[in-house]
Amino acid sequence: MSTATEFQAKTRTGRIADFVDQRVGGSMMVKEFGRKIFPDHWSFMFGEVALYTFVILLISGTFLTFFFDPSMAETHYDGSYNPLRGVEMSVAYASSLDISFDVRGGLFMRQVHHWSALLFVASVSVHMLRVFFTGAFRKPRELNWVVGGVLLVLSLAAGFTGYSLPDDLLSGNGLRIIDGVVKALPVVGTYISAFLFGGEFPGTAIIGRLYMLHIMLVPALILLMVAIHLFMVVVHKHTQYPGPGRTEDNVVGFPVGPVYAAKAGGFFFIVFGVIALISGFFTINPIWNYGPYDPSPVSAGTQPDWYIGWVDGALRLMPGVLGNFSFEWIIPFPWGNNTLVLNVLLPALVPATVLLGLMFTWPWIERWITRDNREHHILDRPRNAPFRTAVGVAGVIFYSVMWAAASSDLIATHFHVSLNDVTYWLRALFFIGPVVGFIVTRRLCLALQRKDRDIVLHGREAGIIEMSPEGAFSERHEQLDEYKRYRLVSFESHDVIPAQPNAAGHISGPEKSRGALSRFFFEDRVAPVTPAELAEAHAHHGPAAVEGGEKAQIGH
Ligand code: HEM
Ligand code: HEM
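The structure displayed is predicted, hence computed values, not measured ones.

A. Representation of the overall build of the protein chain in the model. Scanning the protein chain from N- to C-terminus turns up 21 helices and nine strands. When the 556 residues of the protein chain are sorted by exposure, 40% land in the buried category. Of the charged side chains in the protein chain, 43 are positive and 47 negative, and the gap between their average positions amounts to 6 Å.

So, in structure tokens, the structure goes:
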């Protein structure tokens with residue numbers, strides 16, 4: 001066919017598709033990307049939820065910008081919410097009230113925005129925990145883990161800047177706390193605060209500035225980072241859980257087109273639908289109940305959004321004795337009289353630095369201790385990496401205690417206990433909780449591994465008690481099928497690598513620490529069942545064991 005007849009033979013849509021394809025090379029991209037294989041597992045869903053809630057935030061946020069006015073100019077409210085009529089407030093607060101009461105669908109969209117923000121940060125956090133507990137951050141994904149970490153920090157920044165915009169009593173109090181933390185920074189604190197608020201707190205500039213950060217800079221950075229993040233997921237290929245036929249060099253799953261594209265599209269609408277349903281039925285952030293921001297009152301029983309609570313909680317846990325500690329008699333400051341406000345500085349900065357510092361550096365810490373520099377595309381089941389799982393649980397407990405402390409007043413009033421007692425208990429848990437969590441989790445993982453070993457070697461207890469002709473009772477044990485057995489035996493267990501001498505025959509200080517950590521983490525370990533052990537067990541139990549009818553004597 002000549003080019004002309006070929007052109008004639010195509011439908012109008014075909015011709016448009018051709019036109020676009022010849023200019024942007026779309027079919028090549030679809031061919032390349034559409035044939036990518038993704039493994040299937042429910043735990044890979046959290047990253048997707050994070051992505052979809054972010055898209056919902058972009059859509060609902062854009063709607064809000066049509067009506068929100070980020071001005072701190074004074075006005076008298078004259079909207080349709082009667083209890084606040086005539087009350088003096090900022091234009092920002094008045095416009096948020098208008099969105100809630102006078103813009104058609106406005107309250108619904110504010111709630112969609114707020115609920116999806118809560119779900120966004122929650123899904124990002126759970127996604128991060130999934131990646132951590134399965135070891136998906138190992139080589140070659142360390143940098144993508146760091147990009148993820150930046151995304152987490154940006155998500156918190158987006159949440160906090162948004163939460164502060166309506167300029168109601170609650171958001172103003174949140175800003176007051178941030179102002180306190182900034183001012184507590186030695187030497188530069190007061191200058192930074194004055195720069196941020198355009199003079200004395202609260203000033204008249206902060207809402208406008210936060211608005212720019214909230215609707216432009218932070219979402220743009222998140223978009224950029226998400227693009228880099230997903231690009232790396234495609235380049236590295238997705239990890240997969242162990243299973244028959246799955247190796248470090250292949251990916252077993254479905255192609256993006258059409259299976260995943262259809263699934264993902266449908267899932268987006270499910271997430272959107274669920275958020276719309278929640279937003280239609282459940283109030284979130286009823287700013288009309290709080291009133292406009294005024295530095296003097298603080299309402300009792302109010303809570304910050306869940307992801308900011310831990311900072312508030314850490315501040316509540318800190319004993320006041322270290323307040324306004326003057327260091328001059330120890331270190332004479334060259335810049336004159338300067339007070340360190342340790343009761344604000346320590347809780348606001350130390351836990352955050354410890355948690356975020358450990359999070360960003362963990363892939364390298366683990367690689368250093370295990371000396372494992374190989375690529376890993378097969379995930380660990382959390383029980384098969386007891387040391388990592390235990391460290392993760394300790395981190396989660398450390399975080400959760402601070403988070404719980406943000407509700408110390410509510411715990412005291414709801415359970416009719418003394419607020420002081422709640423604080424003392426939480427202070428103790430702050431130190432003891434992570435240690436106990438670490439020990440218990442490691443023991444649990446090792447116990448689960450031993451149970452797996454036992455099941456592989458001796459079969460699963462069927463719960464069927466049989467009586468032999470001689471009158472002895474025994475429980476029937478059923479052997480696992482090939483697939484289940486594979487899942488239980490195919491993992492690696494790190495061995496202790498003692499400190500090694502360097503070329504000059506010396507063992508350096510850091511290498512001694514590495515050796516000690518290696519012993520601490522891997523001394524107690526359960527090795528996977530070897531084929532020889534399996535063959536021996538089967539030989540011992542006889543062919544019945546392989547066929548599915550092994551018996552364990554009760555009382556022996
Ligand atoms: C806006 C936030 C984020 C979005 C939209 C996002 C999205 C995704 C998606 C869709 C995937 C592939 C599916 C999956 O495994 O869940 C993925 C994988 C990954 N994400 Fe994220 N993520 C975010 C934040 C994070 C954070 C906070 C971390 C860790 C600190 C992280 C680390 C990773 C890693 C290492 C992978 C590769 C996992 C693998 O191949 O198994 N991500 N991300
Ligand atoms: C990761 C992204 C985002 C998060 C976590 C987030 C979070 C929030 C939160 C928690 C609020 C307070 C809502 C309330 O009043 O109850 C808020 C307000 C707001 N957000 Fe966002 N947001 C995000 C992205 C965006 C984007 C992309 C836009 C605009 C394009 C936007 C525009 C707004 C506006 C105008 C308000 C003030 C409306 C009001 O409070 O009445 N947001 N945001």
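B. Region of the structure containing the domain arrangement of the protein chain. Each domain of the protein chain was delimited in the assignment, giving domain 1 (1-34), domain 2 (42-297) and domain 3 (442-553). The C-alpha centroid of domain 2 is placed 40 Å from the C-alpha centroid of domain 1.

C. Local environment of the side chain of H229. Inspection of the secondary structure puts H229 in helix α10 (residues 206-236). According to the relative accessible area criterion, H229 is buried, its value standing at 15%. Here N144 takes part through its side chain, which lies 2.9 Å from a polar atom of the side chain of H229.

D. Representation of the UniProt feature "domain: Cytochrome b/b6 N-terminal region profile" (unreviewed entry) in the protein chain within the structure. Using the residue numbers shown here, the UniProt feature "domain: Cytochrome b/b6 N-terminal region profile" (unreviewed entry) corresponds to residues 16-242. Secondary structure within residues 16-242 divides into 69% helix and 4% strand; the distance between the first and last C-alpha atoms comes to 45 Å.

E. Inspection of the pattern of salt bridges at higher detail. Per the counting criterion, the structure on display carries 20 salt bridges. Of the charged contacts in the structure, one is a salt bridge between R374 and D372, with a shortest N-O distance of 3.0 Å. Since its relative accessible area comes to 42%, R374 is described here as partly exposed. For D372, a relative accessible area of 11% translates into the label buried. Of the charged contacts, one joins R476 and E466 as a salt bridge, the two residues approaching to 2.5 Å between their closest N and O atoms. Of this pair, R476 sits in strand β8 (residues 473-478) while E466 is found in strand β7 (residues 460-467), placing the two residues 10 residues apart along the sequence. Its relative accessible area of 17% is what places E466 among the buried residues. When salt bridges that share partners are traced, they join R138, E366, D380 and R388 into one network.

F. Just the side chain of T423, in detail. As for its placement among the helices and strands, T423 is situated in helix α17 (residues 419-458). Discounting chain neighbours no more than four positions away, the residues touching T423 are R316 and L317.

G. Region of interest: the UniProt feature "transmembrane region" (unreviewed entry) in the protein chain. Residues annotated by UniProt as "transmembrane region" (unreviewed entry) correspond here to residues 49-68, 117-137, 143-165, 211-235, 267-288, 344-365, 385-404 and 424-441. With 100% helix and 0% strand, the stretch residues 211-235 has end C-alpha atoms that lie 35 Å from each other.

H. Broad picture of the site of ligand 2. If you check the shell around ligand 2, you find 27 residues, and the closest are R110, H113, H114, H214 and N285. Interatomic distance of 3.3 Å between a side-chain N/O atom of S96 and an oxygen atom of ligand 2. At a separation of 2.9 Å, an oxygen atom of ligand 2 approaches a polar side-chain atom of R110. For the shell around ligand 2, the elements supplying multiple residues, two or more each, are α4 (45-65), α5 (91-101), α6 (106-133), α7 (142-164) and α10.

I. Region of the structure containing the coordination of the iron atom of ligand 2. Distances from the iron atom of ligand 2 to its protein donors, namely H113 (NE2) and H214 (NE2), fall within the range 2.0 Å. Classification of H113 as buried rests on a relative accessible area of 16%. Look at H214 and you get buried, because its relative accessible area is 14%.

J. Representation of the nonpolar core within the structure. With 39 residues, the main nonpolar core has F120, F132, F137, W145, I222, F387 and F521 as its most contacted residues. Mapped by element, the contributors of at least two residues to this core are α4, α6, α7, α10, α14 (342-370), α15 (386-405) and α19 (509-522). It is α6 that provides the largest number of residues to this core, a total of eight residues. If we ignore the near neighbours within four places in the chain, the residues touching F387 are W362, E366, T370, F438, H494, F521 and F522. Residues A92, I99, L165 and I206 belong to the second largest nonpolar core, which totals 19 residues.

K. A look at α6. With 28 residues, α6 extends 40 Å from end C-alpha to end C-alpha; this agrees with the ideal 40 Å at 1.5 Å per step. Downstream of α6 by one or two residues, G135 has phi in the positive range, about 70 degrees.

L. Summary view of the pairing of β7. Two strands pair when backbone bridges link them, and β7 and β8 are joined in this way by five bridges, in the antiparallel orientation. The residue of β8 that forms the bridge with E461 is H477. The antiparallel hairpin formed by β7 and β8 contains five residues in its connecting segment, where G471 sits at a positive phi of about 95 degrees.

M. Up close: the site of ligand 1. Around ligand 1 lies a shell of 23 residues, among which H127, R130, H229, H238 and T239 are the nearest. Here an oxygen atom of ligand 1 sits 2.6 Å away from a polar atom, N or O, in the side chain of R130. Taking H238, its side chain carries an N or O atom lying 2.6 Å from an oxygen atom of ligand 1. Looking at the shell around ligand 1, the elements with two or more residues in it are α4, α6, α7 and α10.

N. Quick peek at empty space enclosed by the protein. By the definition in use, this model includes three cavities of 30 Å³ or more. Quantified by volume, the largest cavity comes out at close to 100 Å³. Every residue along the wall of the largest cavity is listed here: F137, R138, K139, E142, P363, E366, R367, T370, D372, R374, H376 and H494. With four residues, the single largest contributor to the lining of the largest cavity is α14. The residue inventory of the lining of the largest cavity, partitioned by class, reads two nonpolar, three polar and seven charged. The volume enclosed by the second largest cavity comes to roughly 40 Å³. Lining the second largest cavity are M72, D167, G172, L175, F197, F201, P202, I206, I207 and Y293.

O. Focus on the packing of helix α13 (residues 309-317) against α15. Where α13 contacts α15, the two axes come as close as 6 Å, and the packing angle between them is 75 degrees. With respect to α15, the element α13 is oriented roughly perpendicular. Residue-level inspection shows G309, W310, G313, A314, R316 and L317 of α13 in contact with α15, the latter providing Y399, V401, M402, W403 and A405. Per-class residue counts for the contact of α13 with α15 are eight nonpolar, two polar and one charged.

Calculation criteria
In this convention, every chain numbers its residues from 1, walking through the sequence in written order. The naming scheme follows written order: chains are lettered A onward, ligands numbered 1 onward. Given that the model is predicted, a residue must reach a pLDDT of at least 70 before its local features are reported, and side-chain atom pairs must reach 80 or more before they are shown or counted; all residues, however, enter totals for whole chains, interfaces and linings. Excluded from the side-chain calculations are hydrogens and water; all other atoms, namely the structure's heavy atoms, are used. By definition, any uninterrupted DSSP run of H or I lasting at least four residues is a helix, any uninterrupted run of E lasting at least two residues is a strand, and each is numbered from the N terminus. Burial classification: accessible surface area is computed with a 1.4 Å probe over protein chains only, and a residue below 20% of its type maximum counts as buried, one above 50% as exposed, and the rest as partly exposed. Positive: Lys, Arg. Negative: Asp, Glu. His and the chain ends are not part of the count. Here the site of a charge means NZ on Lys, CZ on Arg, CG on Asp, or CD on Glu. Where each domain starts and ends comes from a domain assignment, either automatic or drawn from a database. Two N or O atoms count as a polar contact when they lie within 3.5 Å, although within protein this holds only if one can serve as hydrogen donor and the other as acceptor, and sequence-adjacent residues are included solely when both atoms are side-chain atoms. UniProt positions are given in the numbering used here, feature names are shortened, and annotations may be inferred rather than shown by experiment. A side-chain nitrogen of Lys or Arg and a carboxyl oxygen of Asp or Glu constitute a salt bridge if their distance falls within 4 Å. Contact definition: two residues touch when any of their heavy atoms are within 4.5 Å. A cutoff of 4 Å decides nearness: a residue is near a molecule or strand if any of its heavy atoms lies inside that distance of it. Coordination here is defined by N, O and S atoms within 2.8 Å of the metal (3.2 Å for Na, K and Ca), and since water is not considered, a site can look incomplete. Here, nonpolar core refers to any group of buried Ala, Val, Leu, Ile, Met, Phe, Trp, Tyr and Cys residues whose side-chain atoms link them within 4.5 Å. Any helix carries an expected span of 1.5 Å times its number of residues minus one. In short, DSSP must find at least two bridges between two strands for them to pair. Put plainly, a pocket is an open set of points on a 1 Å grid over the protein atoms alone with protein on both sides within 12 Å along at least five of seven lines, a cavity is a set where a 1.4 Å probe fits but cannot get out, and a lining residue has an atom within 4 Å of a point. Grid points are joined across faces, edges and corners, and a volume is the space filled by probe spheres set on the points. Three categories are distinguished: nonpolar for Ala, Val, Leu, Ile, Met, Phe, Trp, Tyr, Cys and Pro, charged for Asp, Glu, Lys and Arg, and polar for the others, with Gly belonging to the last. Each axis is a line fitted through C-alpha atoms, taken for helices only over the stretch in contact, and angles between the N-to-C directions span 0 to 180 degrees. These descriptions rest on fixed angle ranges, namely under 35 degrees for roughly parallel, over 145 for roughly antiparallel, 65 to 115 for roughly perpendicular, and the rest for oblique.

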